[in-house]
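# Structure at a glance
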There are 4 protein chains.
Amino acid sequence: MAYFHYQDKKVYYEIHGEGKPLILLNGIMMSTKSWGIFLEAFSASNQLILLDFLDQGQSDKMTEDFTQDLQVEVLRTLLAELNLEKVSLMGISYGGEVALNFVTKYADKVDRLVLFNTSHRTSPWLKDIGDAWNLSSGNAMDYYLTTIPVIYSPEFYNRNRGWMDARKKLLTDTVFSNKAFMDSMVRLTRSAETHDVTEGLKGVTTRTLIVSSEQDYITPKEEQMALHKLLKNSDHVILPGAGHGSMYEKPALFTALTLGFVNAKTLDMTVL
Amino acid sequence: MAYFHYQDKKVYYEIHGEGKPLILLNGIMMSTKSWGIFLEAFSASNQLILLDFLDQGQSDKMTEDFTQDLQVEVLRTLLAELNLEKVSLMGISYGGEVALNFVTKYADKVDRLVLFNTSHRTSPWLKDIGDAWNLSSGNAMDYYLTTIPVIYSPEFYNRNRGWMDARKKLLTDTVFSNKAFMDSMVRLTRSAETHDVTEGLKGVTTRTLIVSSEQDYITPKEEQMALHKLLKNSDHVILPGAGHGSMYEKPALFTALTLGFVNAKTLDMTVL
Amino acid sequence: MAYFHYQDKKVYYEIHGEGKPLILLNGIMMSTKSWGIFLEAFSASNQLILLDFLDQGQSDKMTEDFTQDLQVEVLRTLLAELNLEKVSLMGISYGGEVALNFVTKYADKVDRLVLFNTSHRTSPWLKDIGDAWNLSSGNAMDYYLTTIPVIYSPEFYNRNRGWMDARKKLLTDTVFSNKAFMDSMVRLTRSAETHDVTEGLKGVTTRTLIVSSEQDYITPKEEQMALHKLLKNSDHVILPGAGHGSMYEKPALFTALTLGFVNAKTLDMTVL
Amino acid sequence: MAYFHYQDKKVYYEIHGEGKPLILLNGIMMSTKSWGIFLEAFSASNQLILLDFLDQGQSDKMTEDFTQDLQVEVLRTLLAELNLEKVSLMGISYGGEVALNFVTKYADKVDRLVLFNTSHRTSPWLKDIGDAWNLSSGNAMDYYLTTIPVIYSPEFYNRNRGWMDARKKLLTDTVFSNKAFMDSMVRLTRSAETHDVTEGLKGVTTRTLIVSSEQDYITPKEEQMALHKLLKNSDHVILPGAGHGSMYEKPALFTALTLGFVNAKTLDMTVL
């Protein structure tokens, strides 16, 4: 719906509804278009803001390698553009990493933070998995098989054969066969390699909800248990039977947790 | 604030705020007064309705044994009293059992259902634990030590020594030394002995959120895993580091989950 | 079969079979007689040594309060009595606490250590549960209902109704109605109140196997996760579907884990 | 050390030590050489038998596709060759699948069965992961990055950087650059595609130990929970902090569990 500029790049964003502002930050393969089923629910009482990071969706492509620090500044610029003093952020996976990075730099801009399937650092293990993705990027079917099954819980993947098969066809025929898209994917994957906010999180007191999936094999729940210990004012919830792509596997829980946490009034615990 | 009559008994209830109606159903030792820290948050966008079951708080005492079927009818009468066509219910433990029982009888009256720390049946194991409670009811300190520590996670109980010690003093000095209160507790405990909605839940399609605590030693998470399988349209979440008294151990999560689930618009999954 | 003296007290022990010595240390309500089903398997290739702690089984009763340090010295005396330079210890619950305490003092005497359902300290939570036990000790049925159901997983307790009912009758008719036995139970429970080897375990390098039960509501698995971090050379295993009384709920696993860990040759990891 | 023939193929095996016979069945990338660190411990009291399946190690290569039924017959022939009436089997991953398949056909030949990280069927999810492996088989580094990180728990992979880096160099320089080896890997992977013993396991009563790793992202613990329900006389254990390659991540537990379960005398539960 609209664009702003970050340096010489055009960045795409959308605004839906009115109310307390909430920005959803995409996972690495996602775009503003991925939030279709959530639009109505999330914009019912909130000013819902969607954003394509650079190298995602309708935002400009990059041409050289970068780090997630760039996306942090893109997000910072969006806030300035919209004159938003304070927003709540929901980030999933890549988007959660950018959100965590953002809060280490601009904590005063963040009201509440919701993190689904997010790690506080790209470990050697996760970096090597990212390298496997990139090494498979020249072949659409190889890329699909390397990246997609592990994103879902076996339960979900095995149960929704029709939906998964349709996705396999769509993704291999179109999306993963698109060289420009794949080049973006490689750069986005690389941009997360140096992610590590272990030190930066010390002192951060933003009210944060951390959500793990019991069967997340990309950012396993043990990662979020460590993050929960690092993040002073955080709460932690686990979704049994869900994988890394929790927003699609448990959409009602994704919705309830995000909206519930972002919109609820702060409790006065001194009454207790 | 107000009373209605169920048969010859006075039943106490409160209404706070306006909006989509939500009734909170108390755990066995609780009363409308237990919801103090949640009042503001829960009544901000909802018509919040609190209720003392018979033998609880400011509702009339019973004199003879009864079953939870009685509380179901009390709840049904409240709805009629308030001319409520459809409500959402949040029940914790005893309150969750009544809510489950209610939905097997009056499913058309329930919009959404949120169950914290709830079993679908009183197993022989749980019945014997209830008997241990009742056998200790003649001695305030024995009752405290038998019932309270297991209600909390070791983590919470060990960390909040000041708060727990104050509660120990209050409960043993006053509440558990009060014969009328203890007689009610014994009857309430007995009223749950025959609870079993295994059969009744077949065919129930009410949108339900089931919340387990990882360290719940009264209604362990395995119980809710079974309940989740029984209840067609249910979602399941686990709270790590929490015990049976999840509303006090994780009040922000209790709030976010309940309000988020009750208030979110239904997603149109056909878009996916 | 035999006795030795510790100070002025007679201590009962048994020896079965020959081979690498292995001492089984009883849980609080147990005695040498509790190991019946394991005798043949455990003495097949090992010198199996059973021991009644003071105030247990056929050992002398105490008359005043004591701490587990006393049982540690009893165990030390048994080793001297049998001229055992080095033994392996398996302790469950109370026996595991004594074993942990022992290893902080006499690490050179211990070859391998196996701990089932053991905490490294009696937390305020666990102490209050112990006080609940003691406050119920005057009434056999109250004591049964307060102590026994929580010792078993709900699954086991609900499935083995016949066995549990027979135990209820036996324990309430005889054992828990025996004042001398109950006085011992109260003293044994108190003797564990001050248990805390957090500091003592630093520097301990004894090869240790730590076994948790997923549904242990007395010494929850979170306790053993903490112990595993404290104990340098430890391995950790979790038994799903088992409660605190793991030796009775999963006897084949109890046997395999204990004998396998105690008897296996140390691996030469430099080959890896 | 020795060979036998299955049809026109030479099959390699080794025998170490004497005692109750125990055959270790390799995971897909393994061979008899993979058991180096375990040789001494496993042959101390048992007749340890190692076997290279067809297309593994020193056994003959295949030239066309086959299924695991072939390996079952290879194993059956080995038993005949050695005049073994009854053996115990330990299988990990691929080896566990063959062991499960074997027991559906020759249950009378199996004394006890130990299964590490094993699924009872190749689900669509697992099949697609296998296809990703095969599609990467033409590039040594791609194959390494696609297959190896997910085999280990993040914890192990991140902690043992030196060992993992040495393995990366060895595997990419030599093993995964060897076309003959990679052709075998592709065939072996395909041979497991049709694995499904769901029906065959009905009625099987072989004493079985099922071991899961908490962080197994190839054959997740949920698979073994399902297997445990299918297999009448099975016990189930979970290894926290371990991944799919449990024998290397937790070698002492691998040893204790296998030897303990295989060698312990059967308990006489009627004494209980």
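A quick note: this is a predicted structure, and the numbers were derived from the prediction, not measured.

Cut-offs used in this document
- Each chain carries its own residue numbering, running from 1 in the written order of its sequence.
- In the order they appear in the text, chains get letters beginning with A and ligands get numbers beginning with 1.
- Thresholds applied to this predicted model are a pLDDT of at least 70 for local features of residues and 80 or more for the giving and counting of side-chain atom pairs; totals over whole chains, interfaces and linings are not thresholded and use all residues.
- As a rule here, side-chain values come from all non-hydrogen atoms in the structure, and water together with hydrogens is ignored.
- Note on conventions: DSSP H or I runs of at least 4 residues are helices, E runs of at least 2 residues are strands, and numbering of each starts at the N terminus.
- The atom set for the radius of gyration is the C-alpha atoms, and the globule formula is 2.2 Å times the number of residues raised to the power 0.38.
- Relative accessibility decides the category of a residue: with a 1.4 Å probe and only protein chains considered, values under 20% of the type maximum give buried, values over 50% give exposed, and everything between is partly exposed.
- What makes two residues a contact is simply this: any of their non-hydrogen atoms within 4.5 Å.
- Only the protein chains shown count as cover for residues, and all accessible areas are computed by the Shrake-Rupley method using a 1.4 Å probe.
- When charges are counted, Lys and Arg are positive and Asp and Glu negative, with His and the chain ends excluded.
- Taken as the charge location is NZ of Lys, CZ of Arg, CG of Asp or CD of Glu.
- Two rings belonging to Phe, Tyr or Trp (six-membered ring only in the last case) form a pair when the distance between their centres is within 6.5 Å. Interplanar angles under 30 degrees mark stacking, angles over 60 mark edge-to-face geometry, and anything in between is tilted.
- Lysine and arginine charges are scored as sitting over a ring when NZ or CZ, respectively, is within 6 Å of the ring centre and within 35 degrees of the ring normal.
- Superposing copies: least-squares fit, C-alpha atoms only, residues required to have pLDDT of at least 70 in both.
- UniProt positions are given in the numbering used here, feature names are shortened, and annotations may be inferred rather than shown by experiment.
- Only when DSSP finds a minimum of two bridges between them are two strands counted as paired.
- By definition, the buried area sums, over both parts, the 1.4 Å-probe accessible area that each loses when the two are put together.
- For this document, the term salt bridge refers to a Lys or Arg side-chain nitrogen within 4 Å of an Asp or Glu carboxyl oxygen.
- Given a helix with a known number of residues, its expected span is that number minus one, times 1.5 Å.

## Considerations on the overall build of chain A
Assigned secondary structure in chain A consists of eleven helices and eight strands. For 272 residues, the compact-globule formula gives about 19 Å, and the C-alpha radius of gyration of chain A, at 18 Å, lands near that figure. Expressed as lengths along the three principal axes of its C-alpha atoms, the size of chain A is roughly 60 × 45 × 40 Å. Looking at chain A as a whole, 64% of its 272 residues qualify as buried. Here the contacts in chain A between residues at least 6 apart in sequence split such that 75% fall between residues at least 24 apart. Counting every atom, chain A has about 9,500 Å² of accessible surface; 50% of that belongs to carbon and sulfur. When the 27 basic and 33 acidic side-chain charges of chain A are each reduced to a single mean position, those positions are 2 Å apart.

## Remarks on the packing of aromatic side chains
Taken as a whole and judged by the stated rule, the model has 70 aromatic pairs over all chains. Here the aromatic rings of F156(A) and W163(A) are separated by 5.7 Å at their centres, their planes lie at 85 degrees, and the arrangement is edge-to-face. Cluster of aromatic residues (ring-pair linked, three or more members): W35(A), F38(A), F42(A), F116(A) and F254(A). Geometry around Y157(D) places R161(D) over its ring, the cationic atom sitting 5.0 Å from the centre.

## Quick look at the relation of the copies chain A and chain D
Between chain A and chain D, which share one sequence, the superposing operator has a rotation angle of 180 degrees and an axial displacement of 0.0 Å; the RMSD is 0.0 Å. On this basis, the relationship between the two copies can be described by a two-fold rotation axis. Looking at the rotation axis and the C-alpha trace of chain A, the residue lying nearest is Y217(A), at 3.0 Å. Here 100% of the contact residues of chain A are again contact residues in chain D; the copies associate through an equivalent surface.

## Focus: the UniProt feature "domain: AB hydrolase-1" (unreviewed entry) in chain A
In the numbering used here, UniProt assigns the feature "domain: AB hydrolase-1" (unreviewed entry) to residues 20-251 of chain A. Taken end to end, residues 20-251 of chain A is 42% helix and 16% strand, and its two terminal C-alpha atoms sit 21 Å from one another.

## Overview of the pairing of strand β7 (residues 207-213) of chain A
Residues and elements named next belong to chain A. Within β7, six of the seven residues are buried, which leaves it mostly tucked inside the rest of the structure. Sheet topology places strand β6 (residues 110-116) next to β7; five bridges connect them, and they run parallel. Bridge pairing in β7 places F116 opposite V211. Looking at chain direction, β7 and strand β8 (residues 234-239) are connected through six bridges and run parallel.

## Some points on the interface of chain A and chain D
On the chain D side, the residues contacting the 30 residues of chain A number 30 residues. In this assembly, chain A packs against chain D so that about 2,400 Å² is buried in total across both faces, 61% of it on carbon and sulfur atoms. It is W125(A), D128(A) and Y217(A) that lose the most area in chain A upon contact with chain D, and together they represent 25% of the buried surface on that side. At the junction of chain A with chain D, the criterion picks out four salt bridges.

## Concerning the pattern of salt bridges
In this structure the tally under the stated criterion is 68 salt bridges over all chains. Of the charged contacts, one joins K168(A) and D128(D) as a salt bridge, the two residues approaching to 3.4 Å between their closest N and O atoms. Note that K168(A) is positioned in helix α7 (residues 161-173) and D128(D) in helix α4 (residues 124-135), a pairing that runs across two chains. You'll find K168(A) and D128(D) in the same group, each marked buried.

## Some thoughts on helix α11 (residues 251-263) of chain C
A turn of α-helix holds 3.6 residues, and therefore any two residues three or four places apart point the same way. Residues and elements named next belong to chain C. With 13 residues, α11 ought to run about 18 Å at 1.5 Å a step, and its terminal C-alpha atoms sit 18 Å apart, in line with that. Burial analysis of α11 places eleven of its 13 residues in the buried class, the great majority of the element. Buried residues of α11: P251, L253, F254, T255, A256, L257, T258, L259, G260, F261 and V262, and no others.

## Details of the environment of I129(B)
Inspection of the secondary structure puts I129(B) in helix α4 (residues 124-135). A relative accessible area of 7% places I129(B) in the buried class. Beyond its immediate sequence surroundings of up to four residues, I129(B) is in contact with P149(C) and V150(C).

## Points about unusual backbone geometry
With a phi angle near 50 degrees, Q7(B) is a residue other than glycine that sits in the positive phi range. By the element assignment, Q7(B) lies in the loop between β1 (2-6) and β2 (9-16). In the Ramachandran plot, D55(C) falls in the positive-phi region, its phi being about 75 degrees despite a non-glycine side chain. Here D55(C) shows up in the loop between β4 (46-51) and α2 (68-81).

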